[in-house]
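# Descriptive structure summary
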Amino acid sequence: MYTVEITLKNNPIALSVQRKEQENAEALYREIANAIADGNTKILELTCEKQEGKKVSVLTSEISAVQVSEKSGASANMGAGFIRG
């Protein structure tokens, strides 16, 4: 399972959706990164493959970062990109 996390401006909690396949996660990552680079404000609706019915819509102008990570058993409880000691 792959998680795509979006960080919003002035919001400490990341939004996340999951993809079952790496290529689908990478494609979503590129879509979001391109929307940020485009600079035009639009609504981006994301769905989750892990939890049916989970949807989120965000304004692309409010996205400050996006990242992809693989969630495995050992790292499932850690936030992507962060080490907890």
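Residues numbered from 1 in each chain as written. Predicted model: local features only at pLDDT ≥ 70, side-chain atom pairs only at ≥ 80, totals over all residues. Heavy atoms only, no water.

## Comments concerning the nonpolar core
Generally speaking, a soluble globular protein has its nonpolar side chains buried in company with each other. Counting 14 residues, the largest nonpolar core has Val-4, Ile-6, Val-17, Leu-28, Ile-32, Leu-46 and Ile-63 as the members making the most contacts within it. Broken down by secondary-structure element, the contributors of at least two residues to this core are β1 (2-8), α1 (22-38), β3 (43-47) and β5 (63-70). Here this core takes four residues from β1, the largest share from any one element. For Val-17, the contacting residues outside a window of four places in its chain are Tyr-2, Thr-3, Val-4, Leu-28, Leu-46, Thr-47, Cys-48 and Val-56. (Core = buried A, V, L, I, M, F, W, Y, C linked by side-chain atoms within 4.5 Å. Buried < 20%, exposed > 50% of the residue type's maximum accessible area, 1.4 Å probe, protein only. Helix = DSSP H or I, 4+ residues; strand = E, 2+ residues; numbered from the N terminus. Contact = heavy atoms within 4.5 Å.)

## Let's talk about the confidence of the model for the chain
Detailed conclusions should not be drawn from predicted coordinates in areas where pLDDT is low. On average, residues of the chain carry a pLDDT of 86, and 84% of them reach 70 or more. Scored below 50 in pLDDT, residues 74-78 makes five contacts in the model with residues more than four places away or belonging to other chains. (pLDDT = per-residue confidence, 0-100.)

## Some details on the pairing of β1
Counting buried residues along β1, six of its seven residues qualify, which places the element largely inside the surrounding structure. In this sheet, β5 lies alongside β1 in antiparallel orientation, the contact comprising seven bridges. The residue bridging Thr-3 from the neighbouring strand is Ser-69, located in β5. (Pairing = 2+ DSSP bridges.)

## Here's the deal with α1
Between its terminal C-alpha atoms α1 stretches 24 Å, which fits the 24 Å expected from 17 residues at 1.5 Å a residue. When α1 is considered as a whole, its buried residues turn out to be Ala-25, Leu-28, Ile-32 and Ala-35. Seen from one end, α1 has its buried residues packed into an arc of 90°, which puts them on one side. Set apart from the buried face of α1 by more than 90 degrees, the exposed residues are Glu-23, Asn-34 and Ala-37. Elements in contact with the buried residues of α1: β1, β2 (15-19), β3 and β5. (Expected span 1.5 Å × (residues − 1). Arc of directions from axis to C-beta.)

## Side note on the environment of Val-58
Take Val-58: it is sitting in strand β4 (residues 55-59). Classification of Val-58 by relative accessible area gives buried; the value is 6%. Along the chain, Val-58 and Thr-41 lie 17 residues apart, while their C-alpha atoms are 9.9 Å from each other. In this structure Val-58 touches Leu-8, Leu-15, Lys-42, Ile-43, Leu-44 and Ile-63, once residues within four positions along its chain are discounted.

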